[in-house]
Amino acid sequence: MRTANLDGRLVLVDDDGAVDVHDASGGLFPSDPQAVFDRWAEFLDWARSPGTAGHARVPFEERRLGAPVPRPRQVFAVALNYSDHVAESGFDTPAQPSVFTKYPTSLAGPYDTIALPSALVDWEVELVAVIGAEAHRVAAADAWRHVAGLTLGQDLSERRIQLQGPAPQFALGKSFPGFSPTGPVLVTPDEFDDPDDLALGCAVDGETMQESRTSRMIFSVAEQIAWISRICPLLPGDLVFTGTPAGVGGARDPRRFLAPGEELHSWIDGIGSLRNPLVAGPGHPDGPHAL
Ligand code: ZN
């Protein structure tokens, strides 16, 4: 099953188009795409009931999609989770997941224009897990039961702010507005032959920068959820960005960062793609104000 945020309303998506969940359910479920995660099991029962196939379709245009999870309470992310990215970053393989946060105000939709705050903004294509049932102190073997679905994201990163200071704190450098585009849809885990082995990648203005498979993660989606939930309860509708493979701009020689006028195209098997145009924002040398 696939859900999406179409013009701010929760829809079911299939080959025939989109079904407005609030209208089709007779008001049983609210139109707010965020609210559904607090009632995810009940929603799945309704969405999979035989009656939903006959519901009226609403016009569906991908460019009207917003973030499938627009206002999560928490957004976690895991650094250094693919061996080739660990190597290009010059670190040793981590013994446990290296967790940081991105703030929810950084979320954007799959086609949104992103304002670059400097000339040091880098790309990181990532699989994103969406929590569907509270997970606190869960074992990895049980973790998938707490996942509503998977989506695609970019963990955009301003490298100077991310890495500055005697003890770098990643959160702010990865949380400028627009730094977490996600989408285009949320796909339930049962839709995949193997949700732990999906091809993903990204390109800048048509030049492929990253290409890998999620089976190459050091810590699997389930292991990441188990690790984070040892400490923080993961709440319905929370996001977990699961790490990026090799090919980021800051590790290239010469270094290469995103520039105004370029398009960042990201993709992942079975979910779809993001196409985010880039412009100079406040702080960028070509933008209105210096940072
Ligand atoms: Zn990342």
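Since this is a predicted model, take the numbers as computed values, not measurements.

Q: Describe the packing of aromatic side chains, with residues and values.
A: Scanning all chains against the criterion turns up seven aromatic pairs. Pairing Phe-29 with Phe-43 gives two aromatic rings, centres 5.5 Å apart and planes at 85°, and the pair type is edge-to-face. Of this pair, Phe-29 sits in the loop between α1 (21-24) and α2 (40-47) while Phe-43 sits in helix α2, and the two are 14 residues apart along the sequence. Judged on exposure class, the residue Phe-29 and its partner Phe-43 are both buried. Aromatic pair Phe-29 and Trp-46: ring centres 5.7 Å apart, planes at 55°, arrangement tilted. Here Phe-29 is found in the loop between α1 and α2, whereas its partner Trp-46 is found in helix α2, with 17 residues between them in sequence. Across the pair, exposure class does not vary: Phe-29 and Trp-46 are buried alike. Aromatic ring contacts, followed pair by pair, group Phe-29, Phe-37, Trp-40, Phe-43 and Trp-46 into a single cluster. Its end group placed over the ring of Phe-241, Lys-102 keeps NZ or CZ at 5.4 Å from the ring centre. The ring of Trp-227 is capped by Arg-230, whose NZ or CZ atom sits 4.3 Å from the centre of that ring.

Q: Residues and numbers for the domain arrangement of the chain, please.
A: Each assigned domain of the chain is listed here: domain 1 (2-60) and domain 2 (75-280). For domain 1 versus domain 2, the distance between C-alpha centres works out to 26 Å. Contact residues are listed per partner, giving nine residues for domain 1 and 15 residues for domain 2. Roughly 920 Å² of surface becomes buried between domain 1 and domain 2 when both sides are summed, with 53% attributable to carbon and sulfur atoms.

Q: Please set out the coordination of the zinc ion residue by residue, giving values where relevant.
A: Each protein donor to the zinc ion is listed here as Glu-124 (OE), Glu-126 (OE) and Asp-155 (OD); together their distances run 1.9 to 2.1 Å. Within one chain, the residues donating to the zinc ion are spaced in sequence as E-x1-E-x28-D. Assigned by exposure class, Glu-124 and Glu-126 land together as buried.

Q: Now, about the nonpolar core: what can you tell me, with residues and values included?
A: Grouped together as the largest cluster of nonpolar side chains are 47 residues, with contacts concentrated most on Ile-225, Leu-258 and Ile-271. Counting contributing residues per domain, this core is built from domain 1 (2-60) and domain 2 (75-280), each supplying no fewer than three. Dropping the residues within four chain positions of it, Ile-271 is found in contact with Arg-2, Leu-127, Leu-150, Thr-151, Leu-152, Gly-183, Pro-184, Val-185, Val-187 and Phe-192. Listed in part, the 28 residues of the second largest apolar core include Val-75, Leu-80, Leu-107 and Phe-241.

Q: Tell me about helix α7 (residues 221-229), and name the residues and values.
A: Within α7, seven of the nine residues are buried, which leaves the element mostly enclosed by the surrounding structure. The set of residues buried in α7 consists of Val-221, Ala-222, Gln-224, Ile-225, Ala-226, Ile-228 and Ser-229. Each element contacted by the buried residues of α7 is listed here: β5 (75-79), β6 (98-101), β10 (125-131), α4 (140-143), β11 (147-154) and β16 (239-241).

Q: Can you lay out α2 for me, pointing to particular residues and giving the numbers?
A: Listed as buried for α2 are Trp-40, Phe-43, Leu-44, Trp-46 and Ala-47. Buried residues of α2, seen end-on, are gathered within an arc of 165° and therefore sit on one face of the element. Of the residues in α2, the exposed ones pointing more than 90 degrees away from the buried face are Ala-41 and Asp-45. The inward-facing, buried residues of α2 abut β1 (2-6), β2 (9-14), α1, β11 and β13 (180-187).

Q: With reference to specific residues and values, describe the environment of Asp-194.
A: Its place among the elements puts Asp-194 in the loop between β13 and β14 (199-204). Residue classification places Asp-194 among the partly exposed positions, given a relative accessible area of 37%. A sequence separation of 21 residues divides Asp-194 from Ser-215, and the C-alpha atoms of the two residues are 9.3 Å apart. A polar atom in the side chain of Asp-194 sits 2.8 Å from the backbone nitrogen of Asp-196.

Q: With reference to specific residues and values, describe the sheet that holds strand β18 (residues 272-280).
A: With respect to topology, five strands assemble into an open sheet ordered β8-β18-β17-β14-β15, the strand pairing being mixed. Each of the sheet's edge strands pairs with one partner strand only, and the pair in question is β8 (114-116) and β15 (207-213). Strand-to-strand twist of the sheet, defined as the mean angle between neighbouring strand axes without regard to direction, takes the value 20°.

Q: Before we move on, could you go through the side chain of Ser-106 and cite the residues and values that matter?
A: Residue placement: Ser-106 occurs in the loop between β6 and β7 (107-108). Apart from residues no more than four positions distant in its own chain, Ser-106 is found in contact with Lys-174, Ser-175, Phe-176, Pro-177, Gly-178, Phe-179 and Ser-180.

Q: Talk me through the environment of Glu-223; I want residue IDs and the actual numbers.
A: Among the structural elements, Glu-223 can be located in helix α7. You can call Glu-223 partly exposed: its relative accessible area is 36%. Considered as a pair, Glu-223 and Ala-140 are 83 residues apart in the sequence and their alpha carbons are 5.1 Å apart. Excluding residues within four positions of it along the chain, Glu-223 makes contact with Ala-140 and Ile-218. Polar side-chain contacts of Glu-223 include one of 2.9 Å to the backbone nitrogen of Ser-220.

Criteria and thresholds
Residues numbered from 1 in each chain as written. Predicted model: local features only at pLDDT ≥ 70, side-chain atom pairs only at ≥ 80, totals over all residues. Heavy atoms only, no water. Phe/Tyr/Trp six-rings, centres within 6.5 Å; stacked < 30°, edge-to-face > 60°. Helix = DSSP H or I, 4+ residues; strand = E, 2+ residues; numbered from the N terminus. Buried < 20%, exposed > 50% of the residue type's maximum accessible area, 1.4 Å probe, protein only. Lys NZ or Arg CZ within 6 Å of the ring centre and 35° of its normal. Domains from an automatic or database assignment. Contact = heavy atoms within 4.5 Å. Buried area = accessible area lost by both parts, 1.4 Å probe. Donors = N, O, S within 2.8 Å, 3.2 Å for Na, K, Ca; no water. Core = buried A, V, L, I, M, F, W, Y, C linked by side-chain atoms within 4.5 Å. Arc of directions from axis to C-beta. Polar contact = N/O pair within 3.5 Å; in protein donor to acceptor, adjacent residues only side chain to side chain. Pairing = 2+ DSSP bridges. Axes fitted to C-alpha atoms, helices over the stretch in contact; angles between N-to-C directions.

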